[in-house]
Amino acid sequence: MVTGGASPLRAAATAAGGPLEDFHKVRTMNFPRTVLAGHGVLEELPKICQTLGFVGPGAVITGPTTQAIAGDRVGHLLESSGLKVRIIPAGDATLDEVARIASEVEQQGIRFLVGVGGGSKIDLAKTVAARQRIPFISVPTSAAHDGISSPRASLKGSREAFSIEAAVPEAIVADTSVLVRAPYRYLAAGCADVISNVTAVLDWQLAHRLRNEDFASSSAALAEYAAHGILDHARDIRPGKEESVWIAIRPIIMSGIAMSMAGSSRPSSGSEHLFAHALERIAPGRALHGEVVGLGTIMMAYLHNADWKSLRVSLKEIGAPTTAHEANVERDEVLTALVNAHTLRPERYTILGDNGLSREAAERLASQTEVI
Ligand SMILES: [Zn+2]
């Protein structure tokens, strides 16, 4: 019976098993609508723009090198399909550059963006797209990290790099015939960035157990699946083979999508990324992001008591660095980064805990895993 004061729904719930709890959880998941990977898929861009309902004018954000590799071609392809397109040559991914491009986009009435390049041009495109509330397409010319599909952008500040929430690409067009022309080192680094999902998910599980942090098993499973897509084929990923790009690019894209699914970078960024960011601050520009992340993954897997040896073997097979020397960083820089890593994002609980590693523990960790 419904009695005075209570709503029928609440009364029914009460009758079924107690009062309704206060429930406020919300999660948004934004995904790309089209992911196209493979040989020669660049040619499909006009059709994709048409399917997505894009109308001009659009702009291609690209760098000097990547303009020659694919930027100009993308511009021509879109123009020949009747879309008006501008090429916007871009520099480093800084806030100033974001502001400059955003004002050009605004003045020219640009209605969609295509980011053509390695990390920085796509980071610029996704940040400007978010700021101007226009859609963008990601056309990677190298696959050095999972940022080609993720909703986060890494920007250079005046002193150090930082990462911000940006737009998810409407489409990702990854042409293996273009990607294979990038130096192999980039692909190896991209693979290492995906392998790091193993330790990122372990950290996330730990934070769930110890801190009751929300854990989304679907995004964690996708991130782990992506990592295994690389680990299971590590031997087949080698320089100069388009097939290698084909094997690696789908897990790399999937890893970025896992972040969209989680609504945070948790599934793809844990203690190994904290270590990498700490090292990037101490020794900026010395190694690629994925290369230092790979070193971090070996060491954090050791701390988690996971199979760090097999991760190390896979990184070696792919040709990614497994030692400080190979990553062009000093022993002392590795140790300082290990000791400082936990301070970078105190809200992100990981195996490094609240107090991090002592210098002695860092030294033992790095030498036992043969990183130093
Ligand atoms: Zn990364």
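Residues numbered from 1 in each chain as written. Predicted model: local features only at pLDDT ≥ 70, side-chain atom pairs only at ≥ 80, totals over all residues.

1. Things to note about the overall build of the protein
Next up, step 1: Within the protein, the regular secondary structure consists of 15 helices and eight strands.
Next up, step 2: For a compact globule of 372 residues, the expected C-alpha radius of gyration is about 21 Å, and the protein comes in at 22 Å, within 12% of that figure.
Next up, step 3: A principal-axis box enclosing the C-alpha atoms of the protein has dimensions of 70 × 60 × 40 Å.
Next up, step 4: The buried share of the protein, reckoned over its 372 residues, is 52%.
Next up, step 5: Long-range pairs, those at least 24 residues apart, make up 76% of the contacts in the protein with a sequence separation of at least 6. (Helix = DSSP H or I, 4+ residues; strand = E, 2+ residues; numbered from the N terminus. Rg over C-alpha atoms; globule rule 2.2 N^0.38 Å. Buried ≥ 20, exposed ≤ 12 C-beta atoms within 10 Å, placed from the backbone. Contact = placed C-beta atoms within 7 Å.)

2. Thoughts on unusual backbone geometry
Next up, step 1: A cis amide bond links G56 to the next residue, P57, at an omega of -5 degrees.
Next up, step 2: You will see that R133, though not glycine, has its phi angle at about 55 degrees, which is positive.
Next up, step 3: Structurally, R133 can be placed in the loop between α5 (119-132) and β5 (136-140).
Next up, step 4: Of note in this structure, N305 is not a glycine but carries a positive phi near 65 degrees.
Next up, step 5: Among the secondary structure elements, N305 is positioned in the loop between α12 (289-303) and α13 (308-318).

3. A closer look at helix α15 (residues 359-368)
Next up, step 1: Those residues of α15 not exposed but buried are A362, L365 and A366. One face of α15 carries all of its buried residues, which in axial projection span an arc of 90 degrees. Residues of α15 that are exposed and point more than 90 degrees away from the buried face comprise E360, S367 and Q368.
Next up, step 2: Tucked into the core, α15 has its buried residues touching α12 and α14 (331-340).
Next up, step 3: One or two positions beyond α15, positive phi appears at E370, with a value near 60 degrees. (Arc of directions from axis to C-beta.)

4. Details of the sheet that holds strand β1 (residues 34-38)
Next up, step 1: Across the sheet, which stays open at both edges, the six strands sit in the order β1-β8-β5-β4-β2-β3 with parallel pairing between neighbours. Two strands lie at the open edges of the sheet, namely β1 and β3 (85-89), each paired on one side alone. Strand-to-strand twist across the sheet, computed as the mean angle between neighbouring axes with direction ignored, equals 15 degrees.
Next up, step 2: The strands touched by α5 within the sheet are β2 (58-62), β4 (112-117) and β5, with β4 carrying the most contacts at an inclination of about 165 degrees.
Next up, step 3: Taken strand by strand, helix α10 (residues 242-262) contacts β1 and β8 (171-175), and its axis lies near 160 degrees from that of β1. (Pairing = 2+ DSSP bridges. Axes fitted to C-alpha atoms, helices over the stretch in contact; angles between N-to-C directions.)

5. As for the domain arrangement of the protein
Next up, step 1: According to the domain assignment, the protein consists of domain 1 (34-179) and domain 2 (184-368).
Next up, step 2: A C-alpha centroid distance of 26 Å is found between domain 1 and domain 2.
Next up, step 3: Every contact between the two is made by 24 residues of domain 1 and, on the other side, 26 residues of domain 2.
Next up, step 4: Listing elements by their share of the side of domain 1 that touches domain 2, those giving two or more residues are β1, β8 and α6 (176-179). (Domains from an automatic or database assignment.)

6. Here we look at the pairing of β4
Next up, step 1: Of all six residues in β4, six are buried, a share of seventy percent or more.
Next up, step 2: Pairing between β2 and β4: five bridges, direction parallel. In the sheet register, V60 faces β4, and the bridge partner there is V114.
Next up, step 3: Note: β4 against β5, five bridges, orientation parallel. Within β5, the position partnered with G117 by the bridge is P140.
Next up, step 4: With α5 bridging β4 and the parallel β5, this β-α-β connection has right-handed handedness. (Right-handed = clockwise from strand over helix to strand, strands pointing away.)

7. Some thoughts on the packing of helix α8 (residues 197-211) against helix α9 (residues 217-231)
Next up, step 1: Closest axis-to-axis distance for the α8/α9 pair is 8 Å, and the angle between their directions is 155 degrees. Judged by the inter-axis angle, α8 sits roughly antiparallel to α9. Two packed elements cross with a definite hand, and for α8 against α9 that hand is left-handed. Touching N197, V198, A200, V201 and W204 of α8 are A220, A223, E224, A226 and A227, all from α9. (Parallel < 35°, antiparallel > 145°, perpendicular 65-115°, else oblique. Left-handed = near helix turned anticlockwise from the far one by under 90°.)

8. Side note on α9
Next up, step 1: Between its first and last C-alpha atoms α9 spans 20 Å; for 15 residues at 1.5 Å apiece the expected length is 21 Å, and the two agree.
Next up, step 2: Among the residues of α9, those classed as buried are S219, A220, L222, A223, E224, A226, A227, I230 and L231.
Next up, step 3: Of the surrounding elements, those touching the buried residues of α9 are α7 (184-195), α8, α10 and α13. (Expected span 1.5 Å × (residues − 1).)

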